[in-house]
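Listed below, chain by chain, are the residues.
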Amino acid sequence: MTDTISEHAQRTAEKGTPLIEMDGVGKAYGPIRALEGINLTVSAGEVACVLGDNGAGKSTLIKIMSGLHSHSEGSLRVDGNEVSFSSPRESLDHGIATVYQDLAVVALMEVWRNFFLGSELRKGNFPLAPLDIPKMRSIADSELKKMGIAVKDINQPIGTLSGGQRQCVAIARAVYFGARVLILDEPTAALGVKQSGVVLKYTAAARDAGLGVVFITHNPHHAYMVGDHFIILKLGRRVLDKRRSEVSLEELTAEMAGGQELAELSHELKR
Amino acid sequence: MSTTVATPSTSPTKDSAAPPKKSLLTVLLARPELGAVVAAVVIYLFFFAIADPFRSLPALSTILYTSSVIGIVAVGVALLMIGGEFDLSAGVSVTAAALTTSMICYELRLNLWVGVLVSLVLMLLIGFINGYLVVKTGIPSFLVTLSTFFMLQGLNLGVTQLVTGTVATQNVSDMDGYDSAKAVFASSFSVGGVTVRISVLWWLVFALLATWILLRTRVGNWIFAVGGNAASARAVGVPVNKVKIGLFMGVSFLAWFLGQHILFQLSTVQSGQGVGQEFRYIIAAVVGGALLTGGYGSAIGSAIGAFIFGMTTQGIVYAGWDPSWFFTFLGAMLLIAVMVNLYVKNYATSRR
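Not measured: the values here are computed from a predicted model.

Describing the overall build of chain B
Here is step 1 of the chain: Helix and strand counts for chain B stand at 14 helices and two strands.
Here is step 2 of the chain: Over its C-alpha atoms chain B spans a radius of gyration of 22 Å, differing by no more than 12% from the 20 Å that the globule rule assigns to 352 residues.
Here is step 3 of the chain: Computing the positive centroid from 18 side-chain charges and the negative centroid from 11, chain B places the two 19 Å apart.

Encoded structure:
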């Protein structure tokens, strides 16, 4: 059984080739600086984990990469070319796909309609050209089966799937449509242990197929299982930036839990 | 190189060949029109049993006509509601469209077709403004179109008063283009001795066309997505704002069409009419299965909703009751429809 991920991922990018490079990227909303001085490189075949508490600037970082907001300082390069996205479409056209935790799919629509949403297949290229429904159904069905996502019926509303399955459908969709960079926004936050495992496996599979993955999370355990490179954000600034070989899970966990502050607190509370 | 993703699948892949058989009930319960179809059958049988005149074919023709006058605009309102928005200005827009055609042609001595086109452009512009304001300001469409509603109502009354000095337009039946325009918008023909108004045909054409757009085209996919979850639709590249503006313009187009029908049916237009009709369109759409929160509903359902309206309006008359009861029925019907829709929606998305 061959996996869709390796079939569809563009093979041009060698493992380790930088896909997205950020240099001193920042974003200010009026007088409020939500993010500043971010250096982040997303390379093919690697998982870059961005960790941080609520309000640390993770979502701002995603929005810049996915084209929902443009950055206000620093430089953002895709394949070495300086870019500034003004719409999600532009970011998608550069092969950057974002899977959001809460808004990955439209719950009331069928699985196959969700799979092809925004990239529908049509019989003809005129306005109101009919959709090629049988083809979309069979592609969505076979893609999901190949990835081992068990969907009872491709025609059921996607809201009837579990949270983990919905995430996986969204990831499969992004990969099928030629994503080279996959941004996963808190993919495991609302999931149970088993469901998280499923999502982490797809994350690893996407990485092995040569995609660059940005894994946004506040769970250092999940991050450490798949990550090659770790960045911790705090109040819009980078407080840790290390490769996997330079950092241990303990260090990551301690830093996420508050690091120095926590050590001081535990000293104060010592009994 | 192949990366194999092994996942614990809840159901084994053995059954991959044949999709599991679903019971007929499951299939039916997943359709948004179900409630409306059941209600339509019950109401039809009810009036059929108690009111003699209801059973005749000419009565059916009248019922269909009454339904079509509500149903034409309800089709557009249903699409708009599936797209997650709301239009309160549709009722007075119908009157505005009729008044525009009539007064421009009468005052300037133009061929009526010129007026028909001018009012089309004006109506599409009003729809565009409604949609543009909603997507650019983020103000709920309820408030935006409530404002448009009052502004149009005032303009209808005020401009008509200024131009004609009365509350109605002049008779246009002897003007150029009247006959051909009447043939398109307000003629009638005979089928097996029963007179059928052409608006009934137009109503069915619009309902079927809208159903096809909704279920078989990319735009239809986008309408569901925009109403169901605008943020995720936007994230996968759906032009959310264009879809919403287009839906508002669709309602305006159908309001324009009905306005032309009314003008060529009656030859003169009362400037104060149309108020309150917007709720009937909305109720027909809701009874037909459209969810007030968007993302779910049906265009053909709105036609069934309009048919329920037509049957009840006429049925109460045929049964010899006081027509005031119609409003009580209307309210009860809406409440029941909203509850049925909620149930059907929850059933459709519950984990199975």
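What about the environment of His 69 of chain A?
All names here are of chain A.
Here is step 1 of the chain: Note that His 69 resides in the loop between helix H2 (58–66) and strand E4 (73–78).
Here is step 2 of the chain: When its relative accessible area of 27% is taken as the criterion, His 69 is described as partly exposed.
Here is step 3 of the chain: Separated by 18 residues in the primary sequence, His 69 and Ser 87 place their C-alpha atoms 7.6 Å from one another.
Here is step 4 of the chain: Apart from residues no more than four positions distant in its own chain, His 69 is found in contact with Lys 27, Tyr 29, Lys 63, Ile 64 and Phe 85.

A short note on helix H5 (residues 133–146) of chain A
Residues and elements named next belong to chain A.
Here is step 1 of the chain: Here H5 spans 20 Å end to end across 14 residues, near enough to the 20 Å set by a 1.5 Å rise per residue.
Here is step 2 of the chain: Inspection of H5 places Ile 133, Met 136, Ile 139, Ala 140, Glu 143 and Leu 144 among the buried residues, and these make up the whole buried set. An end-on view of H5 places all buried positions within 135° of arc, on one side of the element.

Side note on the side chain of Ser 91 of chain A
Here is step 1 of the chain: Counting through the fold element by element, Ser 91 of chain A comes out in helix H3 (residues 88–93).
Here is step 2 of the chain: Once you skip the residues sitting within four places of it in the chain, Ser 91 of chain A turns out to touch Met 65, Ser 66, Gly 67, Phe 85 and Ile 96 of chain A.

Considering the side chain of Thr 160 of chain B
All names here are of chain B.
Here is step 1 of the chain: Mapped onto the secondary structure, Thr 160 falls in helix H6 (residues 141–164).
Here is step 2 of the chain: Polar contacts involving the side chain of Thr 160 include one to the main-chain carbonyl oxygen of Asn 156, which spans 2.4 Å.
Here is step 3 of the chain: Dropping the residues within four chain positions of it, Thr 160 is found in contact with Leu 99, Met 103, Leu 155, Gly 165, Thr 166, Val 167, Ala 168 and Ser 271.

Description of the confidence of the model for chain A
Here is step 1 of the chain: Across chain A, pLDDT averages 82, with 91% of residues at or above 70.
Here is step 2 of the chain: The least confident element of chain A, judged by mean pLDDT, is helix H1 (residues 4–8) of chain A at 49; the most confident is helix H4 (residues 111–116) of chain A at 91.

As for the state of the cysteines
Formally, a disulfide is one covalent bond, and it connects the sulfur atom of one cysteine to the sulfur atom of another.
Residue and element names in this part refer to chain A.
Here is step 1 of the chain: Inspection of every chain in the model, using the stated rule, returns zero disulfides over all chains.
Here is step 2 of the chain: With no disulfide of its own, Cys 49 lies closest to Cys 168 among cysteine sulfurs, the gap being 17 Å.
Here is step 3 of the chain: Classification of Cys 49 by relative accessible area gives buried; the value is 1%.
Here is step 4 of the chain: By relative accessible area, which is 1% here, Cys 168 ends up buried.

Topic: the sheet that holds E4 of chain A
Residues and elements named next belong to chain A.
Here is step 1 of the chain: Ordered by their spatial adjacency, four strands build an open sheet running E2-E1-E4-E5, and the pairing between neighbours is antiparallel. Two strands in the sheet have a free side with no partner beyond their single neighbour: strand E2 (32–43) and strand E5 (81–83). If you compare each strand with its neighbour and ignore which way they point, the axes differ by 30° on average.

Section: the pattern of salt bridges
Here is step 1 of the chain: One pass over the structure, following the stated rule, counts 15 salt bridges over all chains.
Here is step 2 of the chain: Of the charged contacts, one joins Arg 33 of chain A and Glu 36 of chain A as a salt bridge, the two residues approaching to 3.3 Å between their closest N and O atoms.
Here is step 3 of the chain: Lys 244 of chain B is paired through a salt bridge with Glu 85 of chain B; the nearest N and O atoms lie 2.8 Å apart. Taken together, the residues Lys 244 of chain B in helix H11 (residues 240–266) and Glu 85 of chain B in the loop between helix H3 (57–82) and helix H4 (90–108) connect sequence positions 159 residues apart.
Here is step 4 of the chain: Accessibility expressed as a relative area gives 10% for Glu 85 of chain B, which makes it buried.
Here is step 5 of the chain: Each member of the salt-bridge network shares a partner with another, and the members are Arg 33, Glu 36, Glu 73 and Arg 237 of chain A.

Considering the nonpolar core
Here is step 1 of the chain: Of all hydrophobic cores here, the largest spans 97 residues; its most connected members are Phe 264 and Tyr 281 of chain B.
Here is step 2 of the chain: Looking at this core, the element that brings in the most residues is H11 of chain B, giving 13 residues.
Here is step 3 of the chain: If near-sequence neighbours (up to four positions away) are discounted, Phe 264 of chain B is found in contact with Leu 112, Val 116, Tyr 178, Ala 181, Lys 182, Phe 185 and Ala 186 of chain B.
Here is step 4 of the chain: One finds Val 105, Met 136, Ala 209 and Val 247 of chain A within the second-largest nonpolar core, a separate group that totals 52 residues.

What counts as what
- Residues numbered from 1 in each chain as written.
- Chains lettered and ligands numbered in written order.
- Predicted model: local features only at pLDDT ≥ 70, side-chain atom pairs only at ≥ 80, totals over all residues.
- Heavy atoms only, no water.
- Helix = DSSP H or I, 4+ residues; strand = E, 2+ residues; numbered from the N terminus.
- Rg over C-alpha atoms; globule rule 2.2 N^0.38 Å.
- Lys, Arg positive; Asp, Glu negative; His and termini not counted.
- Charge placed at Lys NZ, Arg CZ, Asp CG, Glu CD.
- Buried < 20%, exposed > 50% of the residue type's maximum accessible area, 1.4 Å probe, protein only.
- Contact = heavy atoms within 4.5 Å.
- Expected span 1.5 Å × (residues − 1).
- Arc of directions from axis to C-beta.
- Polar contact = N/O pair within 3.5 Å; in protein donor to acceptor, adjacent residues only side chain to side chain.
- pLDDT = per-residue confidence, 0-100.
- Disulfide = S-S within 2.5 Å.
- Pairing = 2+ DSSP bridges.
- Axes fitted to C-alpha atoms, helices over the stretch in contact; angles between N-to-C directions.
- Salt bridge = Lys/Arg side-chain N within 4 Å of Asp/Glu carboxyl O.
- Core = buried A, V, L, I, M, F, W, Y, C linked by side-chain atoms within 4.5 Å.

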